[in-house]
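# Commentary on secondary and tertiary structure
Given next are the chains, with one letter for each unit.
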Amino acid sequence: MNAKTADKVATVVICLFAGIIVLVLLGLLGFILFRGLSHISWDFLTSAPETIKAGGGIGPQLFNSLFLLVLTMLITIPLGLGAGIYMSQYAKPGKVTNSIRLVVEVLSSFPSIVVGLFGLLVFVNIMGIGFSLFSGALALTVFNLPLMVRITEQAMAGVPREQKEASLALGLSRWKTITSVMLPIAMPAIITGTILAAGRVFGEAAALLFTAGMSSPRLDFTDWNPLSPFSPLNPFRPAETLAVHIWKINSEGLAPDAGEIAAGASAVLVLTVLLFNFGARWFGRFMHRKFTATR
Amino acid sequence: MATTGMKVKDLSVFYGEKEAVKKVSLSFSPKQVTALIGPSGCGKSTFLRSLNRMNDTIGGVKTTGEIWIDDVNVNDPSVDVVELRQQIGMVWQRPNPFHKSIYENIAFGPRYHGIKNKKKLDEIVEDSLRRAALWNETKDRLHNSALALSGGQQQRLCIARSIAVKPKVILMDEPASALDPVSTSKIEELIAELKKEYCIVIVTHNMQQAARVSDRTAFFYMGKLIETDDTDKMFTNPSEKETDDYISGRFG
Ligand SMILES: Nc1ncnc2c1ncn2[C@@H]1O[C@H](COP(=O)(O)OP(=O)(O)OP(=O)(O)O)[C@@H](O)[C@H]1O
Ligand SMILES: [Mg+2]
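Quick caveat, the model's predicted, so the values are computed rather than measured.

### Regarding the overall build of chain A
When its secondary structure is counted, chain A shows 11 helices and zero strands. Helices and strands appear in chain A in the N-to-C order α-α-α-α-α-α-α-α-α-α-α. Expressed as lengths along the three principal axes of its C-alpha atoms, the size of chain A is roughly 70 × 60 × 45 Å. The buried share among the 295 residues of chain A stands at 44%. For chain A, long-range pairs separated by at least 24 residues make up 75% of all intrachain contacts whose partners lie at least 6 apart in sequence.

### A short note on the pattern of salt bridges
Enumeration according to the criterion identifies 20 salt bridges over all chains in this entry. Taking the shortest distance from any N to any O, the salt bridge between A:Glu105 and A:Arg150 comes out at 3.2 Å. Highlighted residues: A:Glu105 in helix 4 (residues 95–108) and A:Arg150 in helix 6 (residues 133–157), separated in sequence by 45 residues. A salt bridge links A:Glu162 to B:Arg94, with the shortest nitrogen-to-oxygen separation between them at 3.9 Å. Note that A:Glu162 is positioned in helix 7 (residues 161–169) and B:Arg94 in the loop between strand 6 (88–91) and helix 3 (102–112), a pairing that runs across two chains. The class of B:Arg94 is exposed, set by a relative accessible area of 56%. Salt bridges sharing common partners tie together A:Arg161, A:Glu165 and B:Arg49.

### Details of the sheet that holds strand 2 (residues 18–28) of chain B
Residues and elements named next belong to chain B. Judged by pairing direction, the sheet is antiparallel, and its four strands sit side by side in the order 2-1-4-5 without closing on themselves. Every other strand in the sheet has two partners, leaving strand 2 and strand 5 (72–73) as the edge strands with one partner each. Judged from the seven bridges that link them, strand 1 (residues 6–15) and strand 2 form a sheet pairing that is antiparallel. Across the sheet, the residue bridging to Met6 is Phe28, located in strand 2. Contacts from helix 1 (residues 44–51) reach strand 1, strand 2 and strand 4 (61–69), with the element oriented near 120° to strand 1.

### Here we look at the UniProt feature "domain: ABC transporter" (unreviewed entry) in chain B
In the UniProt entry, the feature "domain: ABC transporter" (unreviewed entry) is given for residues 6–247 of chain B. Split by type, residues 6–247 of chain B is 38% helix and 26% strand. Its first and last C-alpha atoms lie 26 Å apart.

### What to know about the site of ligand 1
Residue and element names in this part refer to chain B. In the vicinity of ligand 1, the contacting residues are Tyr15, Lys18, Ala20, Ser40, Gly41, Cys42, Gly43, Lys44, Ser45, Thr46, Glu174 and His205. Lys18 is positioned with one of its side-chain polar atoms (N or O) 3.2 Å from an oxygen atom of ligand 1. At 2.4 Å, a side-chain N or O of Thr46 approaches an oxygen atom of ligand 1. Calculation on ligand 1 without its partners gives an accessible area of 630 Å², and the protein chains cover 63% of this total.

### A word on the UniProt feature "domain: ABC transmembrane type-1" (unreviewed entry) in chain A
Those residues carrying the UniProt feature "domain: ABC transmembrane type-1" (unreviewed entry) are residues 62–280 of chain A in this numbering. As annotated, residues 62–280 of chain A comprises 73% helix and 0% strand, and the C-alpha atoms at either end are separated by 21 Å.

### Brief notes about the sheet that holds strand 6 of chain B
Strand pairs in the sheet, formed through backbone hydrogen bonds, run parallel or antiparallel to each other. All names here are of chain B. Taking strand neighbours across the sheet as the criterion, the six strands line up as 6-7-8-3-9-10 in an open arrangement whose pairing is mixed. Edge positions in the sheet fall to strand 6 and strand 10 (224–230), since each has one partner strand and no second. Recorded for the sheet is a direction-independent mean angle of 15° between the axes of neighbouring strands. Of the strands in this sheet, strand 3 (33–37), strand 6, strand 7 (169–173), strand 8 (199–203) and strand 9 (216–221) are in contact with helix 1, which crosses strand 7 at around 155°. Each of strand 3, strand 7 and strand 8 touches helix 7 (residues 181–194); the most contacted strand, strand 8, lies at about 150° to it.

Definitions and cut-offs
Residues numbered from 1 in each chain as written. Chains lettered and ligands numbered in written order. Predicted model: local features only at pLDDT ≥ 70, side-chain atom pairs only at ≥ 80, totals over all residues. Heavy atoms only, no water. Helix = DSSP H or I, 4+ residues; strand = E, 2+ residues; numbered from the N terminus. Buried < 20%, exposed > 50% of the residue type's maximum accessible area, 1.4 Å probe, protein only. Contact = heavy atoms within 4.5 Å. Salt bridge = Lys/Arg side-chain N within 4 Å of Asp/Glu carboxyl O. Pairing = 2+ DSSP bridges. Axes fitted to C-alpha atoms, helices over the stretch in contact; angles between N-to-C directions. UniProt positions renumbered as here; feature names shortened; annotations may be inferred. Near = heavy atom within 4 Å. Polar contact = N/O pair within 3.5 Å; in protein donor to acceptor, adjacent residues only side chain to side chain. Areas by Shrake-Rupley, 256 points an atom, 1.4 Å probe, with all protein chains shown as cover.

So this is what it looks like as C-alpha cells:
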C-alpha cells in the first residue's frame, strides 16, 4: 500500500469512527430529551418529590445540586487559583514540584466512587461532619481541585513571557505583575475551564452517595437562616442532588410515575450540563474578543 | 534627572555551565546612545538583560561581576530589583503592549509607583505619548485597546510606557527589527530625541542603523567584548580585525 492509499484509508476509517461517535452521542441526547422534555414543567422543577403518589417534582434536588455547586466552587476556586499560580510562577522546577504535579494528575483520575468512599471515611466519619452538603463539597473538591490547579497553571503558562517581563521591567512587583497583567490575560482560559469543571460537579453522583447522602430533610423554603436545620442554605444538612435522585428513583422509586420523573430529571440534568458547556465556550470567546478586539 | 550612566565591570553570565557573556567591562554615558553589535548568539541580549536583572526571571542563570548605576551595584544581592528596574526601562524586539487600553498601558506603571491623581496621570500619559511621537495618532482613542495599533505604533507605545516611569537608562533589544522601513525611521528619530535626556543602550543587527543612531559602538563576539569605540571610528577604522570583518560583512 503506498502512502496515498494509506492516507485515504486512514481518513475514511477516522471519519467513520468520528461519525459513529457523533451518532451515538446525538442518539443518546435525543433519547434522553425525547423521553424527558414532555415531563418538564415549572411545577416539576419547583415542587417537592412524592414518595408513593404520582406528580412529584425535583425542586429540592435541583436546588441542592446548584447549592452544592456553589459550595464546591467556593472551596475549589480560591484553592485552585492559589495553587495553580504558585505552581506556575513561584515553585522552582525540581523534584518537589514534579511530585506535586504527579499527585495532582493521579488525584484527578481517581474513580469517583473511590473518592466517595474516601469522603465517607475521612469527612463524614473521622472528621465527624456527617452526611452533609459540606462533606459532599469536600469530596467533590478532591477531584475538582486538581483540575482547577491544572487549568490555572496552563492558563498562566500560556501568557506570553514578554507580557510578564514588560511589567517587571517597569518596576512592578511579582505579585502585581501576576494579578494585573498575567491574570487578566489568563482569565478567559481559567473561566472556560472553571465552567467545564463546574459541569462535572453538577453531573456527579457516585462521589456524593456516601458524602452528601441520599435524602434531604423536609426543606422549608421560607427559612433562609443558614444555621437552622431545615433551612435550604444550611451547609451541614444532608442533601440529595439531582444526579443522585435520578439514580435512586431508577433503582428503588415507589411512585407510580417514577419512570417519567427519572426521565424528566435526566433531561434537566443533561440540559444544564450542556448549558454549562456552551456557556463556557461562549464566555471564553466573549472574553477573548473583549481583550483583543477594538471597540 | 538623567545624568546617570552605567558602568559594567567583569560581567559574566552563565546559563548552567555555558558562559554566554565573558568578563565584559563597558561603560554607558548619559545622553549617549551605545549600540551593541555582533553576530547572532554572541550574547548581546544576555548582556542587555543582565543590566536590569531580567535574567533573574529565568531559572538557572548565574551572573558575576559588577554593574554600577549611580552608586548602586545592580548585582548586589541586597538590591531591591523592583526599585532598580524602575530606573532602567526596556524595549523588546517584538512590541509587547499590555492587553489594556492605550491610556492604561502608560498609566499603569506610574500609578503603581504612587501617582493616583487623575489629572497628574493624564499629564504623564500625554507627555509620554508626545515624547514617543504618538500623541497625534492616539489622542482621540486613548481608551481603545492598544492591540489595535499597528506594529510600529505599538513599539512607540512601548517606548512611551517605559519613559512614563522616569527611568535613567533605556535598554532596547533590536527595537526596530520587526518593523517596516517607515516605522523604523520613526523609531530612529525617536531615539535621537530621547538621547537628549537618557542613557540609551541599543542592540541592533543593522549596521546602517548602528551608524545612524549611536555615538558609541561595542562589538561582541562569542560572548566577549572585542572592542568599543566612538561609532565613527568603529565604522571607518576599527582596531581589531574581527570587528572589521564583521562590519564589512565578511562573516556573521
Ligand atoms: N534561556 C537560555 N538558556 C540557555 N542558553 C541560552 C538562553 N538564552 C540564550 N542562550 C544562549 O546564550 C548565547 C547568547 O544568546 P543571546 O540571546 O544573548 O545572543 P544574541 O547575541 O542576542 O543573539 P541574537 O542576535 O540572535 O539575538 C547563545 O549561545 C544562546 O544559545
Ligand atoms: Mg538577541
